[in-house]
Amino acid sequence: MQELYDIMQSKFGISEKVLQYCIQKENEIKSQFQKIDEITEYNQLKVLSAMQKNKLSDIHFAATTGYGYNDLGRDVLENIYADVFCTESGLVRPQLTCGTHALAVALAGNLRPGDELLSPVGLPYDTLQGVIGIRKEKGCLTEYGITYKQVDLLPEDKFDYDGIEKAITEKTKLVTIQRSKGYRWKVSFSIAQIKELISFIKSIKKDVICMVDNCYGEFSEIQEPSEVGADLVVGSLIKNPGGGLAPIGGYIVGKEEFVENAAYRLTAPGLGKEVGATLGITSSFLQGLFMAPQVVNGSIKTAIFAAKLFEDLGFAVLPKSNEARADIVQLIQMGSAENVIAFCQGIQKGAPVDSYVTPEPWDMPGYDCPVIMAAGAFVQGSSIELSADAPIKPPYHVYMQGGLSWHHGKIGVMTGLQTMVDKGLIQL
Ligand SMILES: *Cc1c(COP(=O)(O)O)cnc(C)c1O
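Attention in this report is confined to the structure presented alongside it. (Residues numbered from 1 in each chain as written. Predicted model: local features only at pLDDT ≥ 70, side-chain atom pairs only at ≥ 80, totals over all residues. Heavy atoms only, no water.)

Some remarks on the site of the ligand
Right, on to step 1. The environment of the ligand is formed by Cys98, Gly99, Thr100, Leu103, Tyr125, Gln178, Asp213, Cys215, Tyr216, Ser236 and Lys239.
Right, on to step 2. For the ligand, an oxygen atom lies 2.8 Å from a polar atom in the backbone of glycine 99.
Right, on to step 3. At a separation of 2.8 Å, an oxygen atom of the ligand approaches a polar side-chain atom of lysine 239.
Right, on to step 4. Protein chains bury 89% of the 380 Å² of accessible surface belonging to the ligand in isolation. (Near = heavy atom within 4 Å. Polar contact = N/O pair within 3.5 Å; in protein donor to acceptor, adjacent residues only side chain to side chain. Areas by Shrake-Rupley, 256 points an atom, 1.4 Å probe, with all protein chains shown as cover.)

So, the environment of threonine 64
Right, on to step 1. Looking at where threonine 64 falls in the secondary structure, it is placed in the loop between α3 (33-53) and α4 (72-84).
Right, on to step 2. Residues threonine 64 and isoleucine 281 lie 217 residues apart in sequence; the distance between their C-alpha atoms is 9.4 Å.
Right, on to step 3. When neighbours within four sequence positions are excluded, threonine 64 is seen to be in contact with Asp71, Ala277, Thr278, Leu279 and Gly280.
Right, on to step 4. Here aspartate 71 takes part through its side chain, which lies 2.6 Å from a polar atom of the side chain of threonine 64.
Right, on to step 5. A distance of 3.1 Å separates a polar side-chain atom of threonine 64 from the backbone nitrogen of threonine 278. (Helix = DSSP H or I, 4+ residues; strand = E, 2+ residues; numbered from the N terminus. Contact = heavy atoms within 4.5 Å.)

Some details on helix α9 (residues 256-266)
Right, on to step 1. Listing the buried residues of α9 in full gives Phe258, Val259, Ala262, Ala263 and Leu266. Looking down the long axis of α9, one finds its buried residues gathered within 140° of arc, a one-sided arrangement.
Right, on to step 2. Contacts from the buried residues of α9 go to β1 (89-93), α5 (99-110), β5 (209-213), β6 (232-236) and β7 (250-254). (Buried < 20%, exposed > 50% of the residue type's maximum accessible area, 1.4 Å probe, protein only. Arc of directions from axis to C-beta.)

Observations regarding the packing of helix α10 (residues 282-311) against helix α12 (residues 406-422)
Right, on to step 1. Running from N to C, α10 and α12 point in directions that differ by 25°, and their axes come no closer than 8 Å. Accordingly, the angle class assigned to the pair α10 and α12 is roughly parallel. In terms of crossing hand, the pair formed by α10 and α12 is right-handed. Each of Gly298, Lys301, Thr302, Phe305, Ala306, Leu309 and Phe310 in α10 lies in contact with α12, whose residues at this interface are Trp406, Gly409, Lys410, Val413, Met414, Leu417 and Met420.
Right, on to step 2. The residue makeup of the contact of α10 with α12, split by class, is nine nonpolar, three polar and two charged. (Axes fitted to C-alpha atoms, helices over the stretch in contact; angles between N-to-C directions. Parallel < 35°, antiparallel > 145°, perpendicular 65-115°, else oblique. Left-handed = near helix turned anticlockwise from the far one by under 90°. Nonpolar A, V, L, I, M, F, W, Y, C, P; charged D, E, K, R; others polar.)

Digging into the state of the cysteines
Right, on to step 1. All chains considered together, the criterion is met by zero disulfides.
Right, on to step 2. Sulfur of cysteine 98: no disulfide; nearest cysteine sulfur belongs to cysteine 215 and is 9.0 Å away.
Right, on to step 3. Judged by its relative accessible area of 31%, cysteine 98 is partly exposed.
Right, on to step 4. Looking at the unpaired cysteine 369, the closest cysteine sulfur is the one in cysteine 344, lying at 13 Å. (Disulfide = S-S within 2.5 Å.)

Considering the packing of aromatic side chains
Right, on to step 1. Applying the stated rule across the entire model yields 14 aromatic pairs.
Right, on to step 2. Ring centres of tyrosine 125 and tyrosine 183 lie 5.8 Å apart, and the angle between their planes is 40°; on these two criteria the pair is classed as tilted. Of the two residues, tyrosine 125 sits in the loop between β2 (116-119) and α6 (126-132) while tyrosine 183 sits in the loop between β4 (172-178) and α8 (191-204), which places them 58 residues apart along the sequence.
Right, on to step 3. Taken together, the aromatic side chains of Tyr81, Phe85, Phe219 and Tyr251 make up a single cluster linked through ring pairs.
Right, on to step 4. Note that lysine 239 overlies the ring of tyrosine 216, its terminal NZ or CZ placed 4.1 Å from the centroid. (Phe/Tyr/Trp six-rings, centres within 6.5 Å; stacked < 30°, edge-to-face > 60°. Lys NZ or Arg CZ within 6 Å of the ring centre and 35° of its normal.)

Some words on a nonpolar patch on the surface
Right, on to step 1. A contiguous nonpolar surface patch, about 390 Å² in accessible area, is contributed by Leu45, Leu48, Leu245, Phe290 and Met291.
Right, on to step 2. Summarising the element assignment, methionine 291 is placed in helix α10.
Right, on to step 3. The partly exposed category is assigned to methionine 291, whose relative accessible area is 34%. (Patch = residues over 30% accessible without salt bridge, like charges linked within 9 Å, V, L, I, M, F, W, Y side chains within 5 Å. Salt bridge = Lys/Arg side-chain N within 4 Å of Asp/Glu carboxyl O.)

Quick notes on a negative patch on the surface
Right, on to step 1. Where like charges cluster on the molecular surface, the negative patch consists of Glu88, Glu256, Glu257, Glu260 and Glu274.
Right, on to step 2. Inspection of the secondary structure puts glutamate 256 in helix α9.
Right, on to step 3. Judged by relative accessible area, glutamate 256 falls into the partly exposed class, the value being 45%. (Lys, Arg positive; Asp, Glu negative; His and termini not counted. Charge placed at Lys NZ, Arg CZ, Asp CG, Glu CD.)

A short note on the sheet that holds β7
Right, on to step 1. Judged by pairing direction, the sheet is mixed, and its seven strands sit side by side in the order β1-β7-β6-β5-β4-β2-β3 without closing on themselves. Edge positions in the sheet fall to β1 and β3 (147-150), since each has one partner strand and no second. The mean angle between the axes of side-by-side strands here comes to 20°, regardless of whether they run parallel or antiparallel.
Right, on to step 2. Inspection of the sheet shows β5 paired to β6 by three bridges, in the parallel sense. What sits directly across from methionine 211, in β6, is leucine 232. (Pairing = 2+ DSSP bridges.)

Overview of the pairing of strand β9 (residues 329-333)
Right, on to step 1. Of all five residues in β9, four are buried, a share of seventy percent or more.
Right, on to step 2. Here strand β8 (residues 317-318) runs beside β9; their pairing, made up of two bridges, is antiparallel. For leucine 318, the partnering residue across the bridge sits in β9 and is leucine 331.
Right, on to step 3. Examined bridge by bridge, β9 and strand β12 (residues 397-401) share five bridges and lie antiparallel to one another. Paired with glutamine 330 across the two strands is methionine 400, which belongs to β12.

Structural notes on the sheet that holds β12
Right, on to step 1. As summarised here, the arrangement of the five strands in space is β8-β9-β12-β11-β10, forming an open sheet in which the pairing is antiparallel. The outermost strands of the open sheet, each flanked by one partner alone, are β8 and β10 (371-375).
Right, on to step 2. Note that strand β11 (residues 387-391) and β12 share three bridges and pair antiparallel. By the bridge assignment for β12, serine 387 is matched with glutamine 401.
Right, on to step 3. Contacts from α10 reach β8, β9 and β12, with the element oriented near 15° to β9.

This is how it looks when you write it as structure tokens:
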């Protein structure tokens, strides 16, 4: 359609060469979109049926204040989450301030002094290291006499089953499994792999609690970790399941007992899920969940498009454009600081918010090198919205994720590439 190409060129500065290259690459990946659409359709129906089953009604959107006793909307929201994830119970709250907080609450609520926590998939996500005490922070789990053990992945990101078997002892109370690659150059685990890992762990110790950090993974496949044996599944609402509409929040779903333990930690022993006013936020959580399968669809198509554009220009990417997806994150090895900066600045140029701002690398607390972040988001720090970030150090990996819709994600990636071309960093 000529009008489409005209607006891309006149309003977004896309050159004829970049346009032709992108059209060609889009045509080459289009055949993969059908499979992604099928997963989305399945998940849309899963969410819809949970809403119908729980008789969601507009009275549930009413705000509560104060203690928030008898908040019907909150209860229905949590039951809907429990049904979507096929679990007994759910805790879905604005009082869970982010993914790290939800994970910390799930861990601290279910571990007691003398218990041991095991990660069978190597080093956990950066912020979790502080929660556990791998990196000492005030109030970390090790300060409470909870010990930690880790089994690293074998080459090619395989599970070290012998190592895991040896690491499980009578002290092992909880096993934490990170589904997504997070900010590392490694694969993300498919539901099939998580299933295999959990069955192995349960075959060694039946009553160990298996928790999955589900951040970035929700709705990328037709099943969730709780459908293949996970006892607790935890994530952030400013990632996939918030659908871009939740302005804050986290969720914990799983077995009744373990969710209740988490709730007693979030509020207070004896209070648990009974308190926690929702202040009028419930409809955003529910509408966000309703949109989430479609938003994840857009994010995954955007990730595949970016992988294809850059792999065919000779860059290393993970996953490759034709590999199955287990989350929404795309890694691109940019090879130089100039490339990283230009790409992130270009992503920002395609944003709906702050598109006129030029991101620059800065010394962020907690990092050993400058970091650049492109995020023109409606919700601060939301990474279900198109965003890219990168530490400025060799081999110059960029982590790109999100996209509220495929048609926005596409132009965002195109302005990213265009900026690199404009700076003479890439020749097409
Ligand atoms: C984002 C993320 C977290 C932490 O979530 P925040 O909301 O940033 O605190 C934990 N684990 C993984 C794998 C993540 O991607």
